[in-house]
Amino acid sequence: MITYIALLKGINVGGHKKVPMAELRKLLTKSGFYNVKTYIQSGNVIVQSLEENIKKIEEEIRNIIALHFGFNVSVLIRRGVDLQRIFNDCPFSEEKKINSYFTILQDIPDKDLVKIASKKVYEGEEYKIINDCIYFYCEKGYGRAKFNINFFEKELKTIGTARNYNTMVKLLSLSTD
């Protein structure tokens, strides 16, 4: 049995794409996933499966949500070890790391695209693109940042979904229980 973390993008935000977590847990369990757990309403799901192909699991969860709730969402899957690597690779000081956001990317972006995207800067905002994650720190907080996920998705030609430090810590603890 392999433990996976499913990160659902853009659900339960501003009343759009509502996915009740209790209902999602039941659906995923009924569909053959084991030990399904969720964390907060923003689309963090821990599942266990015998399936080893991450792309198949992403597609299955995406299809379950589309069929039941009637809309498409992006699903990014990581194993606990992958999420731990992302967390550990944060290039910021511990003080900044605690106030950082981790944007998990579907794919590792092309190095040339990373170079182009990295030319854009805003005062008081720092980011580093390392492998499949954008590490982002903003002095004024994420809600006041000039950078947003749409900029990075467009420039890097991949999708991503952001989680804060506390959510990353909790997901890591839930995926190792």
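Here is a short report on the structure shown in this document. No experiment lies behind these values; they were computed from the predicted model shown.

About the thresholds
Residues numbered from 1 in each chain as written. Predicted model: local features only at pLDDT ≥ 70, side-chain atom pairs only at ≥ 80, totals over all residues. Heavy atoms only, no water. Helix = DSSP H or I, 4+ residues; strand = E, 2+ residues; numbered from the N terminus. Rg over C-alpha atoms; globule rule 2.2 N^0.38 Å. Buried < 20%, exposed > 50% of the residue type's maximum accessible area, 1.4 Å probe, protein only. Contact = heavy atoms within 4.5 Å. Areas by Shrake-Rupley, 256 points an atom, 1.4 Å probe, with all protein chains shown as cover. Lys, Arg positive; Asp, Glu negative; His and termini not counted. Charge placed at Lys NZ, Arg CZ, Asp CG, Glu CD. Axes fitted to C-alpha atoms, helices over the stretch in contact; angles between N-to-C directions. Parallel < 35°, antiparallel > 145°, perpendicular 65-115°, else oblique. Left-handed = near helix turned anticlockwise from the far one by under 90°. Nonpolar A, V, L, I, M, F, W, Y, C, P; charged D, E, K, R; others polar. Expected span 1.5 Å × (residues − 1). Polar contact = N/O pair within 3.5 Å; in protein donor to acceptor, adjacent residues only side chain to side chain. Core = buried A, V, L, I, M, F, W, Y, C linked by side-chain atoms within 4.5 Å. 1 Å grid on protein atoms, 1.4 Å probe; cavity = no way out; pocket = protein on both sides within 12 Å on 5 of 7 lines; lining within 4 Å. Points joined across faces, edges and corners; volume = space filled by probe spheres on them.

### Side note on the overall build of the protein chain
(1) Moving on: Counting its regular elements, the protein chain contains seven helices and eight strands.
(2) Moving on: The C-alpha atoms of the protein chain give a radius of gyration of 16 Å, which matches the 16 Å a tight globule of 177 residues would have.
(3) Moving on: For the protein chain, the spread of C-alpha atoms along the three principal axes comes to 50 × 30 × 30 Å.
(4) Moving on: Relative to its full complement of 177 residues, the protein chain shows a buried share of 45%.
(5) Moving on: Taking as baseline every contact in the protein chain between residues at least 6 positions apart, the subset at least 24 positions apart corresponds to 69%.
(6) Moving on: Accessible area of the protein chain: about 9,600 Å², with a carbon and sulfur share of 49%.
(7) Moving on: Across the protein chain, the mean location of the 27 positive side-chain charges is 4 Å away from that of the 21 negative side-chain charges.

### Thoughts on the packing of helix 1 (residues 21–30) against helix 2 (residues 54–69)
(1) Moving on: Axis separation between helix 1 and helix 2 bottoms out at 11 Å; the angle between their running directions is 120°. Taken together, helix 1 and helix 2 sit at an angle that is classed as oblique. Here helix 1 runs over helix 2; the crossing is right-handed. Mapping the contact onto sequence places E23, L24, L27 and L28 in helix 1 and I61, I64, I65, H68 and F69 in helix 2.
(2) Moving on: Residue composition of the contact of helix 1 with helix 2, by class: seven nonpolar, one polar and one charged.

### Structural notes on helix 7 (residues 165–176)
(1) Moving on: Relative to the 16 Å expected for 12 residues at 1.5 Å per residue, helix 7 spans 17 Å between its end C-alpha atoms, a close match to the ideal helical length.
(2) Moving on: Every buried residue of helix 7 is accounted for by Y165, T167, M168, L171, L172, L174 and S175.
(3) Moving on: Two or three places before N166, at the start of helix 7, stands the capping residue N164, its side-chain oxygen 3.2 Å from that residue's backbone nitrogen.

### Section: the side chain of T167
(1) Moving on: Assignment of secondary structure puts T167 in helix 7.
(2) Moving on: For T167, a relative accessible area of 6% translates into the label buried.
(3) Moving on: Here T167 is in contact with Y39, I40 and N44, once residues within four sequence places are set aside.

### Digging into the nonpolar core
(1) Moving on: L8, L24, L28, F33, V45, I61 and I65 are the most contacted members of the largest nonpolar core, which totals 22 residues.
(2) Moving on: Residue assignment for this core shows that the elements contributing at least two residues are strand 1 (2–8), helix 1, strand 3 (44–49), helix 2 and strand 4 (75–79).
(3) Moving on: Of all hydrophobic cores here, the second largest spans 19 residues; its members include F87, I104, Y165 and L171.

### A look at empty space enclosed by the protein
If a probe as big as a water molecule is rolled over the atoms, it shows which places are left empty.
(1) Moving on: Applying the stated criterion across every chain, the model contains one cavity of 30 Å³ or more.
(2) Moving on: In this structure, the largest cavity spans a volume of roughly 60 Å³.
(3) Moving on: In terms of lining, the largest cavity is formed by T103, I134, F136, Y142, F147, N148, I149 and F152.
(4) Moving on: Contributions of two or more residues to the lining of the largest cavity are made by strand 7 (133–138) and helix 6 (149–156).

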